[in-house]
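The lines below spell out each chain.
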Amino acid sequence: MRSYAEHQRAVHELLDPLAARLDAAGGRPVPVSASVGRADAHGRVLARDVHAPVALPGFDNSQMDGYAVRSAELAGARPGSPVRLAVGPTSAAGDAPFALAPGTASPVMTGAAIPAGADAVVPIEVADPSAFIGLGAGRHDSPDGSVVGFTAPVAPGAYIRRAGSDIAEGALLLAAGTRLGPAQLGSLAAAGVTEVLVRRPLRVLLVSTGHELQAPGLPLRPGQIHDANTTMLGAALRGCGVEVIEALAPDDAASVRAALEASARRVDLVVTTGGVSAGAFEVVREALAPLGVEFVKVAIQPGGPQGLGTARIEPEDGDSPVEVPVVAFPGNPVSALVSFELFLRPVLRRLEGLAPDRHRARLPLAHEVVSPRAKHQVRRGVLDGDGAVEVGAPSSHLLHAYAQATVLVHLPVGVDALPAGAAVDVWRIDD
Ligand SMILES: Nc1nc2c(c(=O)[nH]1)N[C@H]1C(S)=C(S)[C@@H](COP(=O)(O)OP(=O)(O)OC[C@H]3O[C@@H](n4cnc5c(N)ncnc54)[C@H](O)[C@@H]3O)O[C@H]1N2
Ligand code: MOO
Ligand SMILES: [Mg+2]
């Protein structure tokens, strides 16, 4: 039997090369900003480095509302003997910079260009008067004859945001592989970048198998059930930025193979559910083992039976052979979704430019639990009012209970019983 870590490594080895494939086309141009009816770059992954076309800030500007001064002129300022300067023209945000005349102090607003010759800003609160008076009518002129007093020296450079202090012109703004969230998009917009090259999304064929399955909404004959896995794993995959093609194959190997043959050339990966265990109709195993997919037992619960490998399909119509990686999950819905969380989501997160680990914590158990010693068990749980973990039942058909859970609880190999209060690893379920 394979360990959890061994199978995780095998999935990574099979799927990590997909990153290069998604980059191979050199990226697709997409707009940085959303506009009606157009896909934008939000949530996508950069295919190429982006260098700053300009320095940011683009010019020295003020960090505070105050007065731009020559610091040397305030060297002798003391509470008892203030330095008084004539009020010069005002620099508001958006104004073109001008020159500061010697012996004057210019009102300067946050984000406004520092007048040439000034080398420091004194915040309005520590000037005398401590509020702007008489500005506004002709907002760039000084009120005639106004004088402002300063009672302390100011260090050169005080409250000046230097040009290039965020990023220098030509420096690496965002590296290839970065996922574009709000801060990254804002940073591109600030630099005036309107379009970027992003990786194309991963394309996955999702095949659910089972003679008993009926699409939700269609009536059930006795013995039939509604197909939950297609909706569930389709959502999980799309939530990771994947484009999904769905197929429902009845319980015969020929239809599973036909589903693969129909779409293998259009996808990067095939994910199947069901038909991998020890029953009489294990159609995924039957269809894919001859094509090169390996079926193993992993020492986890749920999710024990797993399939993994590259399927080489020789189309019956004589078309050229096609090879496609396959990840085969067990059919029990809880087993299928836990398998996704353990094995596939970390890889997809990496392909998305995100850290592979999800939000994790070590929390105390609210009550005693038991677990099979030889298996890494993953239970679904919720936190009680004190932040302790209430662990749900282990069975793999309890999908309703999974839908109520907020955490996955890990009980590793070697654990057969843990008392209330013992610390366990939990992963937050957040989408
Ligand atoms: N004798 C043994 N029996 C079983 C073993 C074993 O080791 N020896 N393993 C058990 C474990 S663990 C699991 S997990 C399941 C895996 O089963 P399969 O992957 O072969 O899946 P199926 O047999 O097709 O279905 C299992 C179960 O899940 C339901 N199912 C399947 N697909 C869907 C779907 N799309 N939506 C909702 N429900 C689905 C299906 O009706 C079955 O109830 O095998 C155990 N048996
Ligand atoms: O391993 Mo199965 O996945 O328990 O239910
Ligand atoms: Mg089965």
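What counts as what
- For every chain, the first residue of the written sequence is number 1, and numbering continues from 1 along that sequence.
- Key to labels: chains lettered from A, ligands numbered from 1, both in the order written.
- Confidence filtering applies because this is a predicted model: local features only for residues at pLDDT of at least 70, side-chain atom pairs given and counted only at 80 or more, and all residues used for totals across whole chains, interfaces and linings.
- To obtain the side-chain values, all non-hydrogen atoms of the structure were used and water was disregarded.
- In this description a helix means any DSSP run of H or I spanning at least four residues, a strand means any run of E spanning at least two, and both kinds are numbered starting from the N terminus.
- Here's how the labels work: a residue is buried when its accessible area is under 20% of the maximum for its type, exposed when over 50%, partly exposed in between, all with a 1.4 Å probe on protein chains only.
- Residue exposure ignores everything except the shown protein chains as possible cover, and the areas themselves are Shrake-Rupley values with a 1.4 Å probe.
- His is not counted, nor are the chain ends, whereas Lys and Arg count as positive and Asp and Glu as negative.
- By convention, the point assigned to a charge is CZ for Arg, NZ for Lys, CD for Glu and CG for Asp.
- To estimate how far a helix should extend, the number of its residues minus one is multiplied by 1.5 Å.
- Here, strands pair whenever DSSP counts at least two bridges between them.
- Between Lys or Arg on one side and Asp or Glu on the other, a salt bridge is scored when a side-chain nitrogen of the former is within 4 Å of a carboxyl oxygen of the latter.

**Student:** Teacher, can you tell me more about the overall build of the chain here?
**Tutor:** Along the backbone of the chain there are eight helices and 28 strands. Classification of the 431 residues of the chain by burial places 46% in the buried group. Accessible area for the chain stands at about 19800 Å²; split by element, carbon and sulfur atoms hold 55% of it. The distance from the centre of the 36 positive side-chain charges to the centre of the 45 negative ones in the chain is 2 Å.

**Student:** Whenever I open this one, helix α1 (residues 4-15) confuses me. Can you help?
**Tutor:** Owing to its 3.6 residues per turn, the α-helix aligns residues three or four sequence positions apart on the same side. If you check α1, its first and last C-alpha atoms are 17 Å apart, about what twelve residues at 1.5 Å a residue would give, namely 16 Å. Those residues of α1 that sit buried are Y4, H7, A10, V11, H12, L14 and L15.

**Student:** Explain the pairing of strand β17 (residues 269-273) to me, please; I cannot follow it from the model alone.
**Tutor:** Along any regular strand, the residues point their side chains to alternate faces of the sheet. For β17, a buried count of five out of five residues is recorded, marking the element as mostly surrounded by other parts of the structure. Of the two faces of β17, the one holding L269, V271 and T273 and the one holding V270 and T272 are both buried throughout. As defined by bridge partners, strand β13 (residues 203-209) adjoins β17 across five bridges and the pair is classed as parallel. Considered in β17, the bridge of S208 is made with T273. Bridge count between β17 and strand β21 (residues 322-329): four bridges; the pairing is parallel. Considered in β21, the bridge of V270 is made with V326.

**Student:** Can you walk me through the pattern of salt bridges in this structure?
**Tutor:** Side chains bearing opposite charge may pair, as long as their charged atoms lie close to each other. Here the structure, examined in full by the defined rule, presents 14 salt bridges. Between D268 and R21 there is a salt bridge, with its nearest N and O atoms 3.5 Å apart. Of this pair, D268 sits in the loop between α5 (253-263) and β17 while R21 sits in helix α2 (residues 18-23), placing them 247 residues apart in sequence. Its relative accessible area of 1% is what places D268 among the buried residues. One salt bridge in this structure joins R257 and E261, with 3.3 Å as the shortest N-O distance. Separated by four residues within a single helix, R257 and E261 lie in helix α5, roughly one turn from each other.

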